[in-house]
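# Architecture at a glance
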Amino acid sequence: MDESISLTMITGSVVQKGSKTNAFTRSPTSAFGSPGSPFAPRFLRPIAMATPATVLVLGATGKTGIPLVEQLLQRGAAVRALVRSPEKLPKPEGQAQLSVTQCSSVLDLTDQELLEQVKGCEAVVSCLSHVGNPWAKPHDLCLSISKRICSAMQQAAQAETTGTRPKYLMMGTVLVPKADGSEKAHGWASTFMVGLLNTLLPPMYDHKLTAAYLNENMSSENPLVDHVVIRPNLLVDKPVSEYQTFDELQTGVFSPQDCSRANVAQFMCDLILKPDLWAQWKGKMPVIIDKVAA
Ligand SMILES: NC(=O)c1ccc[n+]([C@@H]2O[C@H](COP(=O)([O-])OP(=O)(O)OC[C@H]3O[C@@H](n4cnc5c(N)ncnc54)[C@H](OP(=O)(O)O)[C@@H]3O)[C@@H](O)[C@H]2O)c1
């Protein structure tokens, strides 16, 4: 087994909290973790630091998270994936520098466990989504984890002496316009519908509050953590293609344009790995849309 691939359990974290299971559990049937599996950890060890970049991915088993992990690994980054279902990850044969930690929910990790996850990371990416019933709890998945991750990143950055500011990338949506009201409304019907969705659908409200939190609290004046909220248009599963990024919404809710998840993954990789691109978008909410052939 390549020792750079590991499924991590944190020693001593098996704590019963009432009737809940511990935050870190490993399914005995997991493709990564079953006893005798080539991916079963041979020993417990701290997550390895790696160059050129170490990236923690939340929602790594999602439709955008999977291409993101693949592209990061292909481009030489070390990836830490914090997941509920490791078996959903692509088979890691030949993939160096992948560390997988299984949890029952990202929200179940303690502050100390989150700190251990973000330590040494150049970037943390959230591709989290409310899965299934949009009215099911928790309604504040993105906001709650963003606050706690950013707090952990600030704590880790304070302790480090590299002087580099870690990056937090949050996958948002075009259904959340900029809070300052500067974006074009695209007609009263679209504005009305966006307002309605943001009010009625908890995941939309969660995205709205998360963007507002990041923009208010992790602004460029904040000395420790930089952020970008990526706003894809209508997500579709297509291969990488040409795409465009914009500082403002391009269409109303009734005229969505496709955006390949693979393109979102590529844009996020580029943001992490290309300092000039990060400098262009940090603190902003770029809209990403597939380029349509003329
Ligand atoms: N659909 C669209 O057209 C559209 C457009 C713009 C933006 N967006 C936004 O883009 C984001 C990503 O979308 P997607 O389609 O790639 O998402 P997705 O395929 O639904 O993936 C969601 C990921 O979040 C994980 N997750 C959910 N709750 C979790 C928890 N409590 N603890 C740990 N992991 C948890 C899921 O884990 P499991 O695999 O274990 O379930 C999965 O890996 C979402 O925020 C979505 O709102 C969507």
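Here the structure is shown first, and the text comes after it.
No experiment lies behind these values; they were computed from the predicted model shown.

## Topic: the overall build of the protein chain
- When helices and strands are counted, the protein chain shows seven helices and eleven strands.
- By the burial criterion, 39% of the 294 residues in the protein chain qualify as buried.

## Notes on the site of the ligand
- Taken together, 24 residues lie around the ligand, and G59, G62, T64, R84 and S129 are the ones closest in.
- Of the residues that constitute the shell around the ligand, the class distribution is eleven nonpolar, nine polar and four charged.

## A look at the packing of helix 3 (residues 141-159) against helix 5 (residues 202-217)
- At a closest axis distance of 7 Å, the pairing of helix 3 and helix 5 adopts a crossing angle of 25 degrees. Comparing the axis directions of helix 3 and helix 5 gives the class roughly parallel. Between helix 3, through L141, C142, L143, S146 and K147, and helix 5, the contact on the second element is made entirely by D206, H207, L209, T210, Y213 and L214.
- The residue makeup of the contact of helix 3 with helix 5, split by class, is six nonpolar, three polar and two charged.

## Brief notes about helix 2 (residues 111-118)
- Every buried residue belonging to helix 2 is among L114, Q117 and V118, and all of these are buried. Projected down its long axis, helix 2 carries its buried residues within an arc of 90 degrees, all on one side.
- Taken together, the buried residues of helix 2 touch strand 2 (54-58), strand 3 (78-83), strand 4 (98-102), strand 5 (123-126) and helix 3.
- Of the residues one or two after helix 2, G120 is the one with positive phi, at around 85 degrees.

## Regarding the packing of helix 2 against helix 3
- As a packed pair, helix 2 and helix 3 sit with axes 9 Å apart at the nearest point and diverge in direction by 60 degrees. Note on packing geometry: the crossing formed by helix 2 with helix 3 is right-handed. Residue-level inspection shows D111, L114, L115 and V118 of helix 2 in contact with helix 3, the latter providing R148, I149, A152, M153, Q155 and A156.
- Classifying every residue of the contact of helix 2 with helix 3 gives seven nonpolar, one polar and two charged.

## Overview of the environment of V57
- Here V57 lies in strand 2.
- For the pair V57 and C127, spaced 70 residues apart in the sequence, the C-alpha separation amounts to 7.4 Å.
- Apart from residues lying up to four places away in sequence, V57 is in contact with G65, L68, V69, V79, A81, V125 and C127.

## Description of the nonpolar core
- Ranked by size, the top nonpolar core spans 68 residues in total, and within it V55, V57, A81, V125 and M268 carry the most contacts.
- Sorting elements by how many residues they give to this core places helix 3 first, with nine residues.

## Let's talk about unusual backbone geometry
- Cis rather than trans, the peptide bond between K137 and P138 has omega equal to 5 degrees.
- Here P138 lies in the loop between strand 5 and helix 3.

## Digging into helix 5
- End to end, helix 5 covers 22 Å across 16 residues, agreeing with the expected 22 Å (1.5 Å per residue, within 8%).
- Those residues of helix 5 not exposed but buried are P203, D206, H207, K208, T210, A211 and L214.
- Where helix 5 is buried, its residues touch helix 3, strand 6 (167-171), helix 4 (188-200) and strand 7 (226-232).

The rules we used
Residues numbered from 1 in each chain as written. Predicted model: local features only at pLDDT ≥ 70, side-chain atom pairs only at ≥ 80, totals over all residues. Helix = DSSP H or I, 4+ residues; strand = E, 2+ residues; numbered from the N terminus. Buried ≥ 20, exposed ≤ 12 C-beta atoms within 10 Å, placed from the backbone. Near = placed C-beta within 6 Å. Nonpolar A, V, L, I, M, F, W, Y, C, P; charged D, E, K, R; others polar. Axes fitted to C-alpha atoms, helices over the stretch in contact; angles between N-to-C directions. Parallel < 35°, antiparallel > 145°, perpendicular 65-115°, else oblique. Contact = placed C-beta atoms within 7 Å. Arc of directions from axis to C-beta. Left-handed = near helix turned anticlockwise from the far one by under 90°. Core = buried A, V, L, I, M, F, W, Y, C linked by C-beta atoms within 7 Å. Expected span 1.5 Å × (residues − 1).

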